[in-house]
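Below are the chains, spelled out letter by letter.
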Amino acid sequence: MLNAYLDAFVPAFGLLLLGAWLRRSLLREDAVWAGIERLIFWVLLPCLLVVAIGAVELGRLPIFGIMTAIWGSLAIGTVLSVLLARVFRQPHMAMTSVLMGGIRFNNLIGFAITGAIFGGPGLALGGVATGMIVPFVQAVTTTAFAMSRPGRLRPWLVLRQVVLNPLIIGCALGFCVALLGGLPHGLAPLARSLGQASVALGLLAVGAALSIGALRDRFALQMATALLKLGVMPALTWAGAHLLGLDALSTAVAVLFMALPTAATSYVMARAMGGDAPLMAAITSTEHALAVVTLPLWLALVM
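Thresholds, definitions, all that
- Residues numbered from 1 in each chain as written.
- Predicted model: local features only at pLDDT ≥ 70, side-chain atom pairs only at ≥ 80, totals over all residues.
- Heavy atoms only, no water.
- Patch = residues over 30% accessible without salt bridge, like charges linked within 9 Å, V, L, I, M, F, W, Y side chains within 5 Å.
- Areas by Shrake-Rupley, 256 points an atom, 1.4 Å probe, with all protein chains shown as cover.
- Salt bridge = Lys/Arg side-chain N within 4 Å of Asp/Glu carboxyl O.
- Helix = DSSP H or I, 4+ residues; strand = E, 2+ residues; numbered from the N terminus.
- Buried < 20%, exposed > 50% of the residue type's maximum accessible area, 1.4 Å probe, protein only.

A. Up close: a nonpolar patch on the surface. Taken together, the side chains of Ile76, Val79, Leu80 and Leu83 define a hydrophobic patch exposed on the protein surface, amounting to about 330 Å² of accessible area. Locating Leu83 in the fold gives a position in helix 3 (residues 63-87). In this structure Leu83 comes out as partly exposed when scored by relative accessible area, which is 48%.

As structure tokens, then:
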């Protein structure tokens, strides 16, 4: 068991540290990392989702149970994130950062760990969990940013941004591939190679985006948001999974994915949408630092 833990967590967090070092020494140009992030988001990660979900025999999985446990936890987490921002008397744009810190997730770390611990079945369930989390989170966060512009909330624009998200497209294609019996010969190994590249490159990019200096910004709010994301959210998912009678593997993967720190791209989104980017950078860095401890603990609890 110790070897399994080392094989799962040392590569994942080692790549984060390597990415941080590369950003500050060998690859200092912002354009390099921006290009890597676009490649991962638009090509590599969607390929990983297609391959992971496409290998699933959907009829044998408790899809409804996983969806209920995850969506129920995300709904509660959304409400708690908004209330948390209000308790700390934060303006609307700071609330969007707390919200992203409370419900968004770094699925690259999830895939790295579930693949190392649970192998192919874990990757497949990770793809299913991602397919449940991404549409909910994307719809909620896009709506939250749109609400900062009174009188300009247009539901069809929110829907368009959700539908055209490459992760949503990757999940949808993955479910279609699963229903059709898998990818054809030749295309399957190509997609698999691209998907595998997303994990290592993605973790390097996440590490490059983290900032130690950001940890000083509204520290109490950072810690409260991290407690919500790394403690409350997986606990809610665990409780929901047990109430729904999910099997051990489905429960473990669902809890693990909900226990992940927020996505590093949350900072990019906050900056692009006019949000509180400094607070988002601080929350992202804090959650990734604390996840070094909390993720192994959650994995030990659910296994």
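B. Up close: the pattern of salt bridges. By the definition in use, this model includes 2 salt bridges. Close ionic contact of Arg218 with Asp276 constitutes a salt bridge, the shortest N to O distance being 2.9 Å. Note that Arg218 is positioned in the loop between helix 8 (187-209) and helix 9 (219-244) and Asp276 in the loop between helix 11 (265-272) and helix 12 (277-302), a separation of 58 residues in sequence. Exposure remark for Arg218: the relative accessible area of 29% places this residue in the partly exposed category.

C. Seen up close, unusual backbone geometry. The backbone of Arg89 shows a phi angle near 55 degrees, a positive value even though the residue is not glycine. As for its placement among the helices and strands, Arg89 is situated in the loop between helix 3 and helix 4 (92-103). Residue class for Arg89 comes out exposed when judged on its relative accessible area of 77%.

D. Broad picture of the environment of Arg154. Within the secondary structure, Arg154 sits in the loop between helix 5 (107-146) and helix 6 (155-163). For the pair formed by Arg154 and Thr143, sequence separation is 11 residues and the distance between their alpha carbons is 9.0 Å.

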